[in-house]
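Given next are the chains, with one letter for each unit.
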Amino acid sequence: MQISASFLSINDNIKENVNLLTSCDIDYLHLDIMDGEFVNNKTWEISEIKELINYSRPLDVHLMVNDVYKYIDEYKDLNPTYITFHYEINLDILDIIQYIKKFNIKVGLSIKPSTKVEEITPYLNYLDLVLVMSVEPGLGGQQFIKESVNKIKKLKELKGNYLISVDGGINIDTVNLVKDADIIVVGSYITNGNYNQQIKNMKEKIYG
Ligand code: DX5
Ligand code: ZN
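Below, the structure is looked at part by part. It should be emphasised that the depicted structure is a prediction, and the values quoted were computed from it without experimental measurement.

Quick notes on the rules
Residues numbered from 1 in each chain as written. Chains lettered and ligands numbered in written order. Predicted model: local features only at pLDDT ≥ 70, side-chain atom pairs only at ≥ 80, totals over all residues. Heavy atoms only, no water. Core = buried A, V, L, I, M, F, W, Y, C linked by side-chain atoms within 4.5 Å. Buried < 20%, exposed > 50% of the residue type's maximum accessible area, 1.4 Å probe, protein only. Helix = DSSP H or I, 4+ residues; strand = E, 2+ residues; numbered from the N terminus. Contact = heavy atoms within 4.5 Å. Donors = N, O, S within 2.8 Å, 3.2 Å for Na, K, Ca; no water. Tetrahedral: all angles 85-135°; square planar, octahedral: opposite > 155°, others 65-115°. Arc of directions from axis to C-beta. Near = heavy atom within 4 Å. Polar contact = N/O pair within 3.5 Å; in protein donor to acceptor, adjacent residues only side chain to side chain. Areas by Shrake-Rupley, 256 points an atom, 1.4 Å probe, with all protein chains shown as cover.

Things to note about the nonpolar core
Nonpolar side chains tend to gather and get buried jointly when the protein is soluble and globular. Grouped together as the largest cluster of nonpolar side chains are 69 residues, with contacts concentrated most on F7, L31, I33, L63, Y75, F85 and I184. Looking at which element gives the most residues to this core, the answer is helix 4 (residues 93-101), with five residues. Among residues more than four places away in sequence, those in contact with I33 are T43, W44, I49, V61, H62, L63, M64, V65, Y71 and Y75. Within the second largest apolar cluster, eight residues are counted, among which are L129, L131, V135 and I183.

Encoded structure:
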């Protein structure tokens with residue numbers, strides 16, 4: 001199980017703290033990009049992100065945006081490992097998948113808590129990652145939504161070639177519920193404490 005650390009909940013000395021976070025034992029840096037339309041919140045512009053990150057960790061870009069093509073065009077230049085977009089935008093999902101793949105970037109499709117796994121089965125064969133939202137997208141520090149557990153199980157049973165990632169409310173109590181996930185996205189559990197210690201606690205919980 002890999003850890004993709006989100007810095008959405010870091011509010012002060014962001015550059016310094018993102019550097020600290022990427023110096024810790026994490027597998028990906030998770031970028032939560034919000035446009036203020038698909039979700040109410042708006043996060044960083046690409047220019048701010050380019051200032052913030054130091055490329056010392058692979059990037060896991062989570063686009064919570066409507067105009068996906070605009071953001072793919074911006075973020076492809078960071079050479080991220082994953083670009084994930086949301087199923088709930090009403091655009092041609094397969095076209096977007098192909099568009100991201102054109103840049104040799106792995107494609108993730110994210111589903112909100114209210115979206116069923118059955119709704120994305122037509123796309124599973126084309127995906128490298130499925131991002132199961134275990135909170136309503138738009139904010140860090142929310143409570144884990146237990147129904148997400150069944151979605152992860154279903155995706156596991158379908159045995160596709162995609163990795164399963166789960167995002168939102170993951171801490172040392174909820175991580176046990178998502179053992180079938182390949183990647184956990186963790187924000188406030190890490191960034192609200194001593195980063196190294198929190199990551200160590202999480203790994204001890206995962207690996208025993
Ligand atoms: C929410 C974001 C999540 C969030 C996770 O819209 O997609 O990545 O930052 O943060 P925590 O772990 O605090 O729920
Ligand atoms: Zn996210």
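Read on, since the account is not over.
Some words on the coordination of the zinc ion (ligand 2)
For the zinc ion (ligand 2), the protein coordination sphere consists of H30 (NE2), D32 (OD), H62 (ND1) and D167 (OD), at 2.1 to 2.3 Å. Given six donor atoms and angles of 73 to 173 degrees at the metal, the environment of the zinc ion (ligand 2) is assigned as octahedral. Accessibility expressed as a relative area gives 0% for H62, which makes it buried. Looking at D167, the relative accessible area reads 7%, which means it is buried.

Overview of helix 5 (residues 148-157)
For helix 5, the set of buried residues is S148, V149, K151, I152 and L155. Take helix 5 and look down its axis: the buried residues cluster within an arc of 165 degrees, on one side only. Turned more than 90 degrees away from the buried face of helix 5, the exposed residues are N150 and E157. Directly beyond the C-terminal end of helix 5, a positive phi value near 45 degrees is found at K159.

Describing the site of ligand 1
The local shell around ligand 1 holds 20 residues, among which G138, D167, G169, G187 and S188 are the closest. Measuring from an oxygen atom of ligand 1, one finds a side-chain N or O atom of H30 at 3.3 Å. Taking 380 Å² as the accessible area of ligand 1 by itself, protein coverage stands at 100%. Of all the secondary-structure elements, those providing two or more residues to the shell around ligand 1 are strand 2 (28-34), strand 3 (59-64) and strand 8 (183-186). For the shell around ligand 1, the element with the most residues is strand 2, which contributes three residues.

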